[in-house]
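A closer look at the structure
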Amino acid sequence: MPTWLALITVLVVVVVSLIVTRVATVALMQTGMSRHVARFQARSALSGTGFTTGESESVVNHPVRRRVIGTLMLVGSAGLVTAVGSLALSFGAANTDERLRRGAVLLAGLSLLLIVANSRWVDRRLSRLIGRLLGDRVSGARDYARLLDLSGDYAVNELLVESEDWVAERTLGQLRLDEEGVIVLGVHRSSGGYVGVPAGDTRLHPQDTLILYGQQSRLEELDERGQGNEGAAAASEARAEHAAEAEASGADEAA
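Report follows, based on the coordinates. (Residues numbered from 1 in each chain as written. Predicted model: local features only at pLDDT ≥ 70, side-chain atom pairs only at ≥ 80, totals over all residues. Heavy atoms only, no water.)

Overview of the sheet that holds strand S1 (residues 154-160)
Selection criterion: For two strands to be treated as a pair, DSSP must find at least two bridges joining them. Helix and strand definitions here come from DSSP, where helices need a minimum of 4 consecutive H or I residues and strands a minimum of 2 consecutive E residues; each element is numbered from the N-terminal end. Only the stretch in contact is used when fitting a helix axis, every axis being a line fitted to C-alpha atoms; angles between N-to-C directions are given from 0 to 180 degrees. Whether two residues are in contact is decided by their heavy atoms: any pair within 4.5 Å suffices.
Across the sheet, 4 strands lie side by side as S1-S4-S2-S3; this open sheet has antiparallel pairing. Looking at strand neighbours, the two that pair on one side only are S1 and strand S3 (194-196), the edges of this open sheet. Across this sheet, the average inter-strand angle for adjacent strands is 20 degrees, counted without regard to direction. Of the strand pairs in this sheet, strand S2 (residues 183-188) and strand S4 (residues 209-215) are connected by 5 bridges, and their pairing is antiparallel. Looking at S4, one finds that Val 184 is bridged to Leu 212. Sheet strands touched by helix H9 (residues 216-224): S1 and S4. Its angle to S4, the strand with the most contacts, is close to 140 degrees.

What to know about H9
This is how it is decided: Exposure is judged per residue with a 1.4 Å probe applied to protein chains only, and the accessible area is read against the type maximum: over 50% gives exposed, under 20% gives buried, and values in between give partly exposed.
Of all the 9 residues making up H9, 8 are buried; the element is thus mostly covered by neighbouring parts of the structure. Within the sequence span of H9, burial applies to Gln 216, Arg 218, Leu 219, Glu 220, Glu 221, Leu 222, Asp 223 and Glu 224.

Printed below as a string of structure tokens:
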């Protein structure tokens, strides 16, 4: 029984690691990081891999991001030691048949967790829940919000353009993001250049980084929006929602 308990401990450590990584990702996003960069930095810190990149420097130079990453490093070190010790205890004293059974259970459990971890449905809802729970607990994360007089659900975020994203290889005029209530403040080119207050003919390429202003929930949905019919449908829905919100706001002001 203790050896099976050790195997269960491994799965629990993996579950906790996934949850901690998700919490850290949302916390980093609240400092203005894009979802992709925040997720990468959180996983890098938890695993203790570490990468010397421009994003890493932005983490080190930001007090809130540095605190989040430092916590992840401590949790990752403890989790790795616990997992390795539990695996050794679970498989060390068992015979061959028992090791195969436990290996199959471990593989099935890890596969299920991998499917759940990569589910966009789970990711979106869990991220929203974590964001509400965090609230303003990430002290100093929204200093820029006071500077820009942001309130409610509005935020300034980064969005890293990837080849499968809906915005990739399209111009801002084609995207019509303003009709969704999203304003593009600037574009950091992958080559190192910067386009401030970009015009409608500005084309977005993979690895460009957009600086966006809008409702946090809308920015998160845009960050996850893919190519094809589903992306086009999501864009149409977002435009309709924004139009309805604008109409309702105008009616309230008139009243």
